[in-house]
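Summary of the model geometry
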Amino acid sequence: MTNILQAIKTIVNNPVTDLLGHYKGKSSINGVGSALGVFIKDAFADTINEENEQKRVEAYSEVFDYQGNHNNPPDIILKKGDAVEIKKIESLRTKIALNNLSCDLLKKI
């Protein structure tokens, strides 16, 4: 099982400064937002440097109960753990919008 601290450790131990470059050719990455989402999933699954897509998919299934979709938050739910909504912010002054929609959705799950 993974958690936010293990994901942060994975990111620190595997720094990626060019997400698009790192994920180009992997999956169907078509923008920074998509690459960020895959990077965060890889951080939780410890697959940042995994080249084999099948192994990545298997690791995801071991780590996540839910991997989200474009229309419904959250982006991922860890097995026996937290829900994660991935947001790309453009500046340090950007405020992250938190609302009860995610909380309401999680209560139903």
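Above this text is the structure in question.
To keep things clear, this report deals only with the structure shown in the data block. No experiment lies behind these values; they were computed from the predicted model shown. (Residues numbered from 1 in each chain as written. Predicted model: local features only at pLDDT ≥ 70, side-chain atom pairs only at ≥ 80, totals over all residues. Heavy atoms only, no water.)

**Re the overall build of the protein chain**
Each helix and strand in the protein chain was counted, giving five helices and three strands. Counting from the amino terminus, the protein chain carries its helices and strands in the arrangement α-α-α-α-β-β-β-α. Looking at the protein chain as a whole, 32% of its 109 residues are labelled buried. Considering only intrachain contacts with a sequence separation of at least 6, the fraction spanning at least 24 residues in the protein chain is 41%. Accessible surface, the protein chain: about 7,800 Å² in total, of which carbon and sulfur atoms supply 52%. (Helix = DSSP H or I, 4+ residues; strand = E, 2+ residues; numbered from the N terminus. Buried < 20%, exposed > 50% of the residue type's maximum accessible area, 1.4 Å probe, protein only. Contact = heavy atoms within 4.5 Å. Areas by Shrake-Rupley, 256 points an atom, 1.4 Å probe, with all protein chains shown as cover.)

**Structural notes on the side chain of Asp42**
Positionally, Asp42 belongs in helix H3 (residues 32-45). Within the structure, the side chain of Asp42 is placed 2.6 Å from the side chain of Tyr60, a separation counted as a polar contact. (Polar contact = N/O pair within 3.5 Å; in protein donor to acceptor, adjacent residues only side chain to side chain.)

**Thoughts on helix H4 (residues 53-63)**
Looking only at H4, the buried set comprises Arg56, Ala59, Tyr60 and Val63. Down the axis of H4, the buried side of the element spans an arc of 105 degrees, and every buried residue falls inside it. Its side-chain oxygen 2.8 Å from the backbone nitrogen of Gln54, Asn52 forms the N-cap of H4. (Arc of directions from axis to C-beta.)

**Details of a nonpolar patch on the surface**
Side chains of Ile4, Leu5, Ile8 and Val12 sit close together on the surface and give an oily, nonpolar patch of about 410 Å² of accessible area. Using a relative accessible area of 44% as the deciding quantity, one classes Ile8 as partly exposed. (Patch = residues over 30% accessible without salt bridge, like charges linked within 9 Å, V, L, I, M, F, W, Y side chains within 5 Å. Salt bridge = Lys/Arg side-chain N within 4 Å of Asp/Glu carboxyl O.)

**Comments concerning the nonpolar core**
Judged by nonpolar contacts, the single largest core of 20 residues is most densely connected at Leu19, Tyr23, Phe39, Ile40, Phe44, Val63 and Phe64. For this core, the secondary-structure elements that each account for two or more residues are helix H2 (19-23), H3, H4 and strand S2 (76-78). With eight residues, the top contributor of residues to this core is H3. Excluding residues that lie within four positions of it along the chain, Val63 makes contacts with Thr2, Phe44, Ala45, Ile77, Leu78 and Lys79. (Core = buried A, V, L, I, M, F, W, Y, C linked by side-chain atoms within 4.5 Å.)

**Remarks on unusual backbone geometry**
Pro74 follows Pro73 through a cis peptide bond whose omega is -5 degrees. Of note, Asp46 is a non-glycine position whose phi angle comes to about 55 degrees, a positive value. Inspection of the secondary structure puts Asp46 in the loop between H3 and H4. When its relative accessible area of 56% is taken as the criterion, Asp46 is described as exposed. Phi at Lys80 is positive, roughly 50 degrees, even though this residue is not glycine. Mapped onto the secondary structure, Lys80 falls in the loop between S2 and strand S3 (83-84).

**Considering the pattern of salt bridges**
Enumeration over the complete set of coordinates arrives at three salt bridges. Arg56 serves as the salt-bridge partner of Asp42, at 2.9 Å between the closest nitrogen and oxygen. Residue Asp42 is found in helix H3, and its partner Arg56 is found in helix H4; the two are separated by 14 residues along the sequence. For Arg56, a relative accessible area of 1% puts it in the buried group.

Taken by themselves, the reported measurements are silent on function.
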